[in-house]
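Report on the structure
So the chains spell out like this:
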Amino acid sequence: MNFTDTLKVQTSLSGGYDEDGNPIESISQWILFGKEKNSIIFPNEKAAKVSLNDGNEYVYSYVIIAKLKKELIPLIPKEGQKVHIHKSDGTIDKEMEVKGFVTLKSRYLKIWV
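Residues numbered from 1 in each chain as written. Predicted model: local features only at pLDDT ≥ 70, side-chain atom pairs only at ≥ 80, totals over all residues. Heavy atoms only, no water.

1. Concerning the overall build of the protein chain
- The helix and strand inventory of the protein chain stands at 0 helices and 10 strands.
- Listed N to C, the secondary structure of the protein chain is β-β-β-β-β-β-β-β-β-β in terms of helices and strands.
- The principal-axis extent of the C-alpha atoms belonging to the protein chain is close to 55 × 35 × 30 Å.
- Within the span of the protein chain, comprising 113 residues, buried residues form 33% of the whole.
- When contacts within the protein chain are restricted to residue pairs at least 6 apart in sequence, those whose partners lie at least 24 apart make up 53%.
- Total accessible area computed for the protein chain in this model is approximately 7,300 Å², and 48% of it derives from carbon and sulfur atoms.
- Counting 16 positive and 15 negative side-chain charges, the protein chain places the averaged centre of each group 13 Å from the other. (Helix = DSSP H or I, 4+ residues; strand = E, 2+ residues; numbered from the N terminus. Buried < 20%, exposed > 50% of the residue type's maximum accessible area, 1.4 Å probe, protein only. Contact = heavy atoms within 4.5 Å. Areas by Shrake-Rupley, 256 points an atom, 1.4 Å probe, with all protein chains shown as cover. Lys, Arg positive; Asp, Glu negative; His and termini not counted. Charge placed at Lys NZ, Arg CZ, Asp CG, Glu CD.)

2. What about the nonpolar core?
- Residues L7, F33, V83, I85 and V113 are the most contacted members of the largest nonpolar core, which totals 19 residues.
- Broken down by secondary-structure element, the contributors of at least two residues to this core are β1 (6–13), β6 (62–67), β7 (82–86) and β10 (108–112).
- Not counting the four nearest positions on each side in its chain, V113 is found in contact with Y60, S61, Y62, I64, V83, M96, E97, V98 and K99.
- Grouped together as the second largest cluster of nonpolar side chains are 5 residues, V50, L52, V63 and W112 included. (Core = buried A, V, L, I, M, F, W, Y, C linked by side-chain atoms within 4.5 Å.)

Structure representation (structure tokens):
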């Protein structure tokens, strides 16, 4: 497989409280999943559906295959979390919501958005 695309995961840093006890707002930021060109993005050209943990079937827009290493496990996006996908040829550059994910052979992550 030729990994040429980029996946970023949106994370939130909890704000907590300052030294005077005033609440600090949470900050969300985009974190690169692995390194540049760590993913492959495929469009759902046949309007295929995926069955998820809640028992429902969903039509997804894209499927993403990303290399998975032990240090990336805490960054795996959860259902409902936002990801930013960028196709190296410039045809896709957008923010999407994760519908579901699975790991494949402990080496790859498959995400439906």
